[in-house]
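Spelled out, the chains give:
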Amino acid sequence: MGAVLLEELRTFTARLQCAEAASGDPGLGIDLLDAIETLKSVGCAVQAVITDDVATSIRADRRARELPRAEWDRGIASQIALARRESPNRGGRHLGFAQALVHEMPHTLAMLQTGRLNEWRATLLVRETACLSAADRGIVDRRLCSDPAILDGVGDRGLIARAKALAVELDAASVVRRHRKAVSERRVTTRPAPDSMAYLSVLMPVEQAVCLQATLGRDADSLIATGDSGGRTRNQLMVDLLFERGTGASVASGVPVAVNLVLSDETLLAGGHEAAQLHGFGPVPAGIARQLVADAVDRDTETSLRRVYSCPRSGALTAMESQSRTFPKSLRKLIDLRDRTCRTPWCDAPIRHHDHIRSRRKLGKTTARNGSGLCEACNYAKEAPGWTARPVHNPGRTHLIDLGTPTGHHYRSAAPPLPSAARQSEVEAVLIAHLRAS
């Protein structure tokens, strides 16, 4: 039955991909949008039920084989993530979402199955009731979702407000405990933004966030009022003040901590146009990369140049000049520069572990080919029963890993190529011509 359903689903997907547009009929177009939105919600509900069933089956199998309890859940979220082409972190969220709907929130699941609630709004309900017991969560589920008319026309903020109000009414103590836990998880993160910029995000208690923003705004206004703004806008001043107070250095003095900027010799020396790679951030336009190097030199910032060697055809990292006598340290740095982020497909978390692809228990060597950069969660997940990993022989091309899951599915992970000149640099051309002439 399952195989037949899978084939029917694939056939329907192919038909939907080939479906014609509304042919200029806006009314039909709106009806199609509505129908497809319902289809998405129904699909989300089915995914949730299947996700819970997969997790339940895997746990039951491990329990029957008398594996330690600590092994029952290992790697399940990662398998869900790979199937959905998502990161392991998202896979864990999908798994928790599915378990909450199937076992504790039947009315929310029913609304999702009929298309009266979309995945995001169902996620909000699951999130805002996460601190409650199963019984109290069921009460919120019944009060808000037993009748589709209750949330009809209510926006996201209104839905969150209603769920929060009910949570406080049912168990105020758990809401307080959840707040305390949230405070303990305060953190600072960055993520890329367009135009070679970045977002610096700070998760902190709301009163601290409001105070910080108000203080930066007040001091920026003071600089503008006294004529010391240097032509900068209020927003620019607030950013510069945050940087200066957080690092202890002025904006004009440059970045006081080490950064790894990887760029080809042509980009650095011959005006090449290939983007550089800023480790931990991503691609940086060639002109901006050269400017970063020039600024560092002009400001007498401590700057070092380390050569890395890549395959001319594929751009894959093959070796790196060592500045340390400790081989493992250089090898870890090489893996960091080659892989950039966790090598698990669709996971772009920072590298935390340097892993033997073929484990040392199976005589795996400590080499760049047998090494990969993984986040902590992915490294632990692949240690669960049934997972396999092996480096794929791929001469002259980028580093390749084959990852196998306990269900027999296989996924391949290719390391991103390093910046490498698409053509010979002018310097190389002159040298080669000179050698041939001699």
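Residues numbered from 1 in each chain as written. Predicted model: local features only at pLDDT ≥ 70, side-chain atom pairs only at ≥ 80, totals over all residues. Heavy atoms only, no water.

A look at helix α10 (residues 206-225)
Inference 1: Its 20 residues give α10 an end-to-end C-alpha distance of 28 Å, which sits within 8% of 28 Å, the value for a rise of 1.5 Å per residue.
Inference 2: For α10, the set of buried residues is Leu216, Gly217, Asp219 and Ala220. Each buried residue of α10 lies within a common arc of 165° when the element is viewed along its axis, so the set occupies one face. Facing away from the buried side of α10, by more than 90 degrees, are the exposed residues Val206, Val210, Arg218 and Ala225.
Inference 3: Tucked inside the fold, the buried residues of α10 contact α11 (234-247).
Inference 4: Gly227 lies just past α10 and shows a positive phi near 80°. (Helix = DSSP H or I, 4+ residues; strand = E, 2+ residues; numbered from the N terminus. Expected span 1.5 Å × (residues − 1). Buried < 20%, exposed > 50% of the residue type's maximum accessible area, 1.4 Å probe, protein only. Arc of directions from axis to C-beta. Contact = heavy atoms within 4.5 Å.)

With respect to the packing of aromatic side chains
Inference 1: Following the criterion strictly, the structure yields one aromatic pair and no others.
Inference 2: On the basis of an interplanar angle of 80° and a centroid distance of 6.2 Å, the ring pair of Trp346 and Tyr411 is categorised as edge-to-face. One end of the pair, Trp346, is in the loop between α14 (327-339) and β8 (353-356); the other, Tyr411, is in strand β12 (residues 410-414), and 65 residues separate them in sequence.
Inference 3: Take Trp346: its relative accessible area is 41%, and that puts it in the partly exposed class.
Inference 4: Residue classification places Tyr411 among the buried positions, given a relative accessible area of 17%.
Inference 5: Its guanidinium or amino end placed over the ring of Trp72, Arg63 lies 5.2 Å from that ring's centre, counting from NZ or CZ. (Phe/Tyr/Trp six-rings, centres within 6.5 Å; stacked < 30°, edge-to-face > 60°. Lys NZ or Arg CZ within 6 Å of the ring centre and 35° of its normal.)

So, the sheet that holds strand β10 (residues 388-391)
Inference 1: Within the open sheet, the three strands sit side by side as β10-β11-β12. Their pairing is antiparallel. In the strand order of this sheet, the two ends are held by β10 and β12, each with one partner. Each strand axis lies, on average, 20° off the axis of its neighbour in the sheet, ignoring direction.
Inference 2: The pairing of β10 with strand β11 (residues 400-404) spans four bridges and is classified as antiparallel. Considered in β11, the bridge of Arg390 is made with Asp402. (Pairing = 2+ DSSP bridges. Axes fitted to C-alpha atoms, helices over the stretch in contact; angles between N-to-C directions.)

Quick notes on the environment of Tyr380
Inference 1: By secondary structure assignment, the location of Tyr380 is in helix α15 (residues 376-381).
Inference 2: In sequence terms Tyr380 and Gly75 are 305 residues apart; their C-alpha atoms lie 7.7 Å from each other.
Inference 3: Here Tyr380 is in contact with Arg74 and His353, once residues within four sequence places are set aside.

Brief notes about the confidence of the model for the protein chain
Inference 1: Here the protein chain averages 83 in pLDDT, and 80% of its residues register 70 or above.
Inference 2: Confidence over residues 422-428 falls short of pLDDT 50; this stretch has seven contacts with residues more than four positions distant or in other chains. (pLDDT = per-residue confidence, 0-100.)

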